[in-house]
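# Tertiary structure, described
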Amino acid sequence: MSLLEVKNLTVEFQTASGPFRAVDGVSLKVDEGEVLAIVGESGSGKSVSMLAAMGLLPWTAKVTADVLTFNGRDMQAMSDSDRRKIIGKDIAMIFQEPIASLNPCFTVGYQIEEVLRIHTDLSRKARRDRAIELFQSVGIPNPEERLGHFPHQMSGGQCQRVMIATALACNPKLLIADEPTTALDVTIQKQILDLLMKLQAEHGMGLIIITHDMGVVAETADRVIVQYKGRQIEEADVLSLFSAPKSVYTKALLSALPENATGERLPTITEKLTDAEIFAGAVR
Amino acid sequence: MTPVLEAKNLKRDYHIPGSLFKPAKTVHAVKGVSFKVEQGKTLAIVGESGCGKSTLARMVTMIDPITEGDMLIDGRKVDIAQEPLTAEMRSKVQIVFQNPYGSLNPRKKIGDILTEPLIINTKVPADERRDRAMAMLKKVGLEEKHYGRYPHMFSGGQRQRVAIARALMLNPRLLVLDEPVSALDLSVQAQVLNLLADLQDEFKLTYVFISHDLSVVRHIADDVMVMYFGEAVEYGSRDQVFGNPQHSYTKTLFAATPRVDVDAIRARIERRKRVA
């Protein structure tokens, strides 16, 4: 049984000029211990599809799906309070801007203990010990002292480690990382990705990485889904995606990587491709 | 031939005034950096956030004064702390910023954004200003109909084209590009990099290209300088730096850059299987 199963997910937003379809018929499956990367350019609906699966979108969004199950339980039929018991505990999410996603008014220790207070029945002392243990596992030096710090006293990389520690607080079965390293330097990016992969292997969780960076995909994923304008263009295991991409869009995207450039100029095939051609070349 | 830009032992300190509770502090943002760039060449400056690369860009663009050292532009010594900047000098160096959403005034039309440098620095009459702006729009791959539109009507890649057009309005010798493509999508990034290469060929432009993306640097640069805590730890031609990095930080940087070739992916999957 898959951990998360989504079939034919569609998300529509009502705008002044009629409904706008941000996600159009996306289907995906994640198993335990598997790393899935969802890759696409801005506006491809990769974040929105995950937010929809978690039920985090505002009421203005119209979400429909044929199947939306987590661990065999139907997420659509579930009441809001039941869903809130799962989110943050069994499904956790890491967001793009580490500094913006922490509350500046509270210490990082308070914020990580808050998750434990809501989802577990640990005592105050046990919560603190668990927080220290989590900080150690994500590689924050002097955890006892760091717990009393505010987000502005830490660097972006440290804040992202706090976010990861918070997400891992209740040993989630599925971790969704939305552009976890986009705001970070390459050396820090490497550390954070290595950390995520290490923790993923240790806990055997399912991991979904949302990214626009082909490098991150190459370094982390087992399986990859390529999205464009809300639609799924290609799904493949990471090796076949990079060695033999099937759809025209993936080919164009990979050829635009500066690493793959042969001459002075970079090929810009996507500029010439129309949406219809991209969708027609989709391989599912 | 005199290089377009030459820097000798460039330093920049920032003084943080003390208060009742804190003593005054001096931050050495750039600690003695020397380099030169010939006409038509590209110097890439690489480093992590806080290493002083943007401070260097501000000094080269004559926004911030130099604390110590010499900077020569076209063989002429420039020090804005000593003498006020002339319009002639200002038009020699122009800058393109990282975030095209923040660097264009949302209340101004594209035409006004493009003609503003001419109004400030030259005595070109209005109709000629308009003609030049129109011509520049076409040069950067936009159309004449875009002249009367506002920045919010453009995509990120188009806005970056506008920012490049604005920087080129004064026919600069040197263009400082502060992470010009890091806010853009992959396919758009390729288009903007191609545009920069074309413009360099056409106008014999000299680029100082600041970036943290080594794959982009490897594609575009002639020379590479790696900065670490305000110091240039590595400086040489692209092939030297990429082929035979000397400093440990440069090696760390290369090791941290994700690899997208099939062999690297295969090796990673093998490692993962062994652990599992």
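How each quantity is defined
Residues numbered from 1 in each chain as written. Chains lettered and ligands numbered in written order. Predicted model: local features only at pLDDT ≥ 70, side-chain atom pairs only at ≥ 80, totals over all residues. Helix = DSSP H or I, 4+ residues; strand = E, 2+ residues; numbered from the N terminus. Rg over C-alpha atoms; globule rule 2.2 N^0.38 Å. Buried ≥ 20, exposed ≤ 12 C-beta atoms within 10 Å, placed from the backbone. Contact = placed C-beta atoms within 7 Å. UniProt positions renumbered as here; feature names shortened; annotations may be inferred. Core = buried A, V, L, I, M, F, W, Y, C linked by C-beta atoms within 7 Å. Axes fitted to C-alpha atoms, helices over the stretch in contact; angles between N-to-C directions. Parallel < 35°, antiparallel > 145°, perpendicular 65-115°, else oblique. Left-handed = near helix turned anticlockwise from the far one by under 90°. Nonpolar A, V, L, I, M, F, W, Y, C, P; charged D, E, K, R; others polar. Pairing = 2+ DSSP bridges. pLDDT = per-residue confidence, 0-100. Expected span 1.5 Å × (residues − 1).

## Focus on the overall build of chain B
The helix and strand inventory of chain B stands at 10 helices and 10 strands. Its C-alpha radius of gyration of 21 Å places chain B within 12% of the 19 Å reference for a compact globule of 276 residues. The principal-axis extent of the C-alpha atoms belonging to chain B is close to 70 × 50 × 45 Å. Counting every position in chain B, which comprises 276 residues, the buried fraction comes to 39%. For chain B, long-range pairs separated by at least 24 residues make up 67% of all intrachain contacts whose partners lie at least 6 apart in sequence.

## So, the UniProt feature "domain: ABC transporter" (unreviewed entry) in chain B
In the UniProt entry, the feature "domain: ABC transporter" (unreviewed entry) is given for residues 5-254 of chain B. Between the end C-alpha atoms of residues 5-254 of chain B the distance is 27 Å, and the span holds 36% helix and 26% strand.

## Considering the nonpolar core
Ile208(A) and Val208(B) are the most contacted members of the largest nonpolar core, which has 153 residues in total. When residues no more than four places from it in sequence are discounted, the contact partners of Val208(B) are Val37(B), Leu43(B), Ile45(B), Ala57(B), Val60(B), Leu174(B), Val176(B) and Leu177(B).

## Side note on the interface of chain A and chain B
Contacts between chain A and chain B engage 31 residues on the former and 30 residues on the latter. Of all elements in the fold, only α7 (186-203), α8 (214-220), α9 (238-243), α10 (248-255) and α11 (269-272) of chain A reach the threshold of two or more residues within the side of chain A that touches chain B.

## Observations regarding the packing of helix α3 (residues 110-121) of chain B against helix α5 (residues 156-168) of chain B
Residues and elements named next belong to chain B. Viewed as axis vectors pointing N to C, α3 and α5 meet at an angle of 25°, and their least axial separation amounts to 8 Å. When the axes of α3 and α5 are compared, the pair comes out roughly parallel. The interaxial crossing formed by α3 with α5 has right-handed handedness. Along its contact with α3, which presents Ile110, Ile113, Leu114 and Pro117, the element α5 presents Val162, Ala165 and Arg166. Each residue belonging to the contact of α3 with α5 can be placed in one class, and the counts come to six nonpolar, no polar and one charged.

## A few points about the environment of Ser255(A)
Examined against the element boundaries, Ser255(A) turns out to sit in helix α10. Note: C-alpha distance between Ser255(A) and Thr268(A) (13 residues apart in sequence) is 8.0 Å.

## Description of the packing of α7(A) against helix α9 (residues 248-256) of chain B
Two numbers describe how α7(A) lies on α9(B): the axes approach to 8 Å, and their chain directions differ by 50°. Looking at the two axes, α7(A) sits oblique to α9(B). For the pair α7(A) and α9(B), the crossing hand works out as left-handed. Together, Val186(A), Thr187(A), Gln189(A) and Lys190(A) of α7(A) and Thr252(B), Leu253(B) and Ala256(B) of α9(B) make up the contact between the two elements. Split into classes, the residues belonging to the contact of α7(A) with α9(B) amount to three nonpolar, three polar and one charged.

## Looking at helix α1 (residues 53-60) of chain B
Residue and element names in this part refer to chain B. Among the eight residues of α1, seven are classified as buried, and the element is accordingly described as predominantly covered. Lys53, Ser54, Thr55, Leu56, Ala57, Met59 and Val60 are the residues of α1 that are buried. Positive phi appears at Met62, one or two residues downstream of α1, with a value of about 65°.

## Side note on the sheet that holds strand β8 (residues 206-211) of chain B
All names here are of chain B. Taken in spatial order, the six strands of this open sheet run β6-β7-β8-β3-β9-β10, and their pairing is mixed. At either margin of the open sheet sits one strand with a lone partner, and together these are β6 (93-96) and β10 (231-237). Each adjacent strand pair in this sheet contributes to an overall mean axis angle of 15°, direction not counted. Relative to β10, strand β9 (residues 223-228) runs antiparallel, the two sharing six bridges. In the strand pairing of β10, Val224 is matched with Gly236. Sheet contacts for α5: β6 and β7 (174-178); angle to β6, the most-contacted strand, approximately 170°.

## As for the confidence of the model for chain B
On average, residues of chain B score 90 in pLDDT, and 100% of them are at 70 or above. Here the complex is predicted with pTM 0.84, and the ipTM for its interfaces comes to 0.78.

## What to know about unusual backbone geometry
If you check the backbone angles, Asn71(A) has positive phi at about 55° while not being a glycine. With a phi close to 50°, Asn171(B) is a non-glycine residue in the positive phi region. Mapped onto the elements, Asn171(B) comes out in the loop between α5 and β7.

## Brief notes about the pairing of β6(B)
Residue and element names in this part refer to chain B. With burial as the criterion, each face of β6 is covered, one bearing Val93 and Ile95 and the other bearing Gln94 and Val96. Here β6 runs beside β7; their pairing, made up of four bridges, is parallel. When the sheet's bridge partners are listed, Val96 is paired in β7 with Leu177.

## Observations concerning helix α6 (residues 156-168) of chain A
Residues and elements named next belong to chain A. An ideal rise of 1.5 Å per residue puts 18 Å on 13 residues; α6 measures up with 18 Å between its terminal C-alpha atoms. Among the 13 residues in α6, 12 count as buried, and that is most of the element. Among all positions of α6, only Gly157, Gln158, Cys159, Gln160, Arg161, Val162, Met163, Ile164, Ala165, Thr166, Ala167 and Leu168 are buried. Where α6 is buried, its residues touch β7 (91-94), α3 (108-119), α4 (124-137), β8 (174-178) and α7.

## Notes on the sheet that holds strand β9 (residues 206-211) of chain A
Residues and elements named next belong to chain A. Reading across from one edge, β7-β8-β9-β3-β10-β11 is the order of the six strands in this open sheet, with mixed pairing throughout. Every interior strand has two partners, whereas the edge strands, β7 and β11 (231-237), have only one. Strand after strand, the sheet turns through a mean of 15° between neighbouring axes, direction not considered. Two strands pair when backbone bridges link them, and β8 and β9 are joined in this way by five bridges, in the parallel orientation. The residue bridging Leu175 from the neighbouring strand is Leu207, located in β9. Running over the sheet, helix α1 (residues 46-54) touches β3 (35-39), β7, β8, β9 and β10 (223-228) and is turned about 145° from β9.

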